[in-house]
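Architecture and fold: a report
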Amino acid sequence: MRTALITGANRGLGLEFTRQLLAQGLRVIACSRAPAPAGELAALVDEHPQRLQSLPLDVADAEAIAALPARLATVGVSHLDVLINNAGVLVSGERYGALRAEDLARSFAINASAPLLLTEALTPLLTQGHTAKVLCVSSQLGSIAQVSSYRSVSYAMSKAALNMGMRRLAAELGPRGITVVAMHPGWVRTAMGGAQAPLDAPTSVRGMLAMLARLTPGDGGRFYAYDGSELPW
Ligand SMILES: NC(=O)c1ccc[n+]([C@@H]2O[C@H](COP(=O)([O-])OP(=O)(O)OC[C@H]3O[C@@H](n4cnc5c(N)ncnc54)[C@H](OP(=O)(O)O)[C@@H]3O)[C@@H](O)[C@H]2O)c1
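Re the overall build of the chain
- In terms of regular secondary structure, the chain is built from 6 helices and 7 strands.
- Reading the chain from its N terminus to its C terminus gives the helix and strand order β-α-β-α-β-α-β-α-β-α-β-α-β.
- Its C-alpha radius of gyration of 17 Å places the chain within 12% of the 17 Å reference for a compact globule of 233 residues.
- By its C-alpha atoms, the chain is 50 × 40 × 35 Å across when sized along the principal axes.
- For the chain, buried positions account for 49% of its 233 residues.
- Nonlocal contacts in the chain, meaning residues at least 24 apart in sequence, comprise 70% of its contacts between residues at least 6 apart.
- Counting only carbon and sulfur atoms, one obtains 55% of the accessible surface of the chain, whose full area is about 10900 Å².

Right, here's the structure in full:
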């Protein structure tokens, strides 16, 4: 059975990726920092006990990432076809002159370092997958070509770093049959995107998954928007 692993799966885009991949018939490993015994993800597990496992994973915890493959073996995961590095943080209200070192460090750990560490840790499972694909959920704010302000600088820097890491992963993993890309989900109504965002999560995720399904190995290393357009670096 095709198997996907998603980080930050308890809410927002991660929860929607979980819903849509289940609807497509995949087995889903839904990782979240602190899986709740109740809530939308727990209800999905009740609905799909055979195909959905909820596992704890704080992506800022490098030891937890290193231990994940052994944990996956205990629930019978022998391959991965899709890895969605979705978990992310945005420090709101950053202003020039008031930047905090801990916000920069946390943004880099979660948004830039974790996707690389996790992809490295899961590479043996991805090489066992069927034309495996790795989606790094990035952001247009990480595009250096489109900078217009100092706003959300920790977030923007960490997503630009993620894009570089994604390119490096694509170069390393492409020859092993694993396609790695980055995607901007659009501006989406989630806790991060806020209520004013024009897009809903189902539309954004439908677009990203359709794009992912169309990717061929030659597309590795690219930076797409949810609608399939390509973004400038
Ligand atoms: N919404 C937008 O408009 C937008 C635009 C561009 C890019 N994105 C990107 O899309 C992705 C998903 O964002 P979203 O809009 O769904 O935001 P969200 O609703 O705020 O959800 C963020 C998710 O990341 C998880 N997360 C944060 N830190 C974590 C950690 N240390 N370990 C594990 N999980 C962690 C959160 O888990 P907790 O519940 O435990 O905090 C939550 O599940 C992010 O990478 C974001 O940068 C979003």
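Let's pick the thread back up.
Thoughts on the packing of helix α4 (residues 101-127) against helix α5 (residues 153-173)
- Relative to each other, α4 and α5 sit at 15°, their axes nearing to 8 Å. Comparing their axes, α5 and α4 come out roughly parallel. For the pair α4 and α5, the crossing hand works out as right-handed. On the side of α4, the interface is formed by Asp103, Leu104, Ser107, Phe108, Asn111, Ala112, Pro115, Leu116, Thr119 and Thr123, while α5 contributes Ser154, Tyr155, Met157, Ser158, Lys159, Ala161, Leu162, Gly165, Met166, Leu169 and Leu173.

Observations concerning the packing of helix α1 (residues 12-23) against helix α2 (residues 40-47)
- In contact at an axis separation of 11 Å, α1 and α2 are set at 15° when each is read in the N-to-C sense. The angle between α1 and α2 falls in the class roughly parallel. Of the two elements, α1 crosses α2, and the hand of that crossing is left-handed. Residue-level inspection shows Leu15, Thr18, Arg19 and Leu22 of α1 in contact with α2, the latter providing Glu40, Leu41 and Leu44.
- Looking at the contact of α1 with α2 residue by residue, the classes come out as 4 nonpolar, 1 polar and 2 charged.

Digging into the site of the ligand
- Surveying the vicinity of the ligand reveals 29 residues, the closest of which are Asn10, Arg11, Arg33, Tyr155 and Thr190.
- Between asparagine 10 and the ligand, the recorded distance is 2.7 Å, taken from a side-chain N or O atom to an oxygen atom.
- Note that an oxygen atom of the ligand is positioned 2.5 Å from one of the side-chain N or O atoms of tyrosine 155.
- For the ligand, the accessible surface in isolation is 890 Å², of which the surrounding protein chains cover 93%.
- Counting only elements with at least two residues in the shell around the ligand, the list comes to α1 and α5.
- Partitioning the shell around the ligand into residue classes produces 14 nonpolar, 11 polar and 4 charged.

Some thoughts on the pattern of salt bridges
- What the rule picks out here adds up to 7 salt bridges.
- Linking arginine 100 and glutamate 102 is a salt bridge whose minimum nitrogen-to-oxygen distance equals 3.7 Å.
- Exposure remark for arginine 100: the relative accessible area of 43% places this residue in the partly exposed category.
- Among the ionic pairs, glutamate 230 bridges to arginine 222, the shortest N-O distance being 3.4 Å.
- Residue classification places glutamate 230 among the partly exposed residues on the basis of a relative accessible area of 48%.
- A single salt-bridge network, built from bridges that share partners, covers Glu16, Arg19 and Glu40.

Comments concerning a nonpolar patch on the surface
- Residues Leu90, Leu141 and Met192 make up a contiguous nonpolar surface patch of about 210 Å² in total accessible area.
- Structurally, leucine 90 can be placed in the loop between β4 (82-85) and α4.
- Leucine 90 sits in the partly exposed class, given a relative accessible area of 31%.

Rules and cut-offs
- Within each chain, residues carry numbers counting from 1 in the order of the written sequence.
- Local features in this predicted model are restricted to residues whose pLDDT is 70 or higher, and side-chain atom pairs enter the listing and the counts only when it is 80 or higher, whereas totals over whole chains, interfaces and linings include all residues.
- For the side-chain quantities, the full set of heavy atoms in the structure was used; hydrogens and water were omitted.
- Strands are runs of DSSP state E lasting at least 2 residues, helices are runs of H or I lasting at least 4, and numbering of each runs from the N terminus.
- Put simply, the radius of gyration uses C-alpha atoms, and a globule should come to 2.2 Å times the residue count raised to 0.38.
- Under the scheme applied here, a residue whose accessible area is under 20% of the maximum for its type counts as buried, over 50% as exposed, and between as partly exposed, the area being computed with a 1.4 Å probe on protein chains only.
- Contacts: residue pairs with any heavy atoms within 4.5 Å of one another.
- To measure how exposed things are, a 1.4 Å probe is used in the Shrake-Rupley method; for residues, cover is taken only from the protein chains shown.
- To get an axis, fit a line to the C-alpha atoms, keeping to the stretch in contact for a helix; angles then go from 0 to 180 degrees between the N-to-C directions.
- The scheme is simple: roughly parallel for angles under 35 degrees, roughly antiparallel for over 145, roughly perpendicular for 65 to 115, oblique for anything else.
- The handedness criterion is simple: a crossing whose near helix is rotated anticlockwise from the far helix by less than a right angle is left-handed, and one whose near helix is rotated clockwise is right-handed.
- Polar here means any residue outside two lists: the nonpolar Ala, Val, Leu, Ile, Met, Phe, Trp, Tyr, Cys and Pro, and the charged Asp, Glu, Lys and Arg; Gly therefore counts as polar.
- Any residue with a heavy atom positioned within 4 Å of a molecule or strand is treated as near that molecule or strand.
- Any N or O atom pair separated by 3.5 Å or less is treated as a polar contact, with the protein-specific requirement of one donor-capable and one acceptor-capable atom, and with residues adjacent in sequence counted only for side-chain atom pairs.
- Salt bridge, as used here, is a side-chain nitrogen of Lys or Arg placed within 4 Å of a carboxyl oxygen of Asp or Glu.
- Within the patch definition used here, like charges are joined within 9 Å and nonpolar side chains (Val, Leu, Ile, Met, Phe, Trp, Tyr) within 5 Å, considering only residues with over 30% relative accessible area and no salt bridge.

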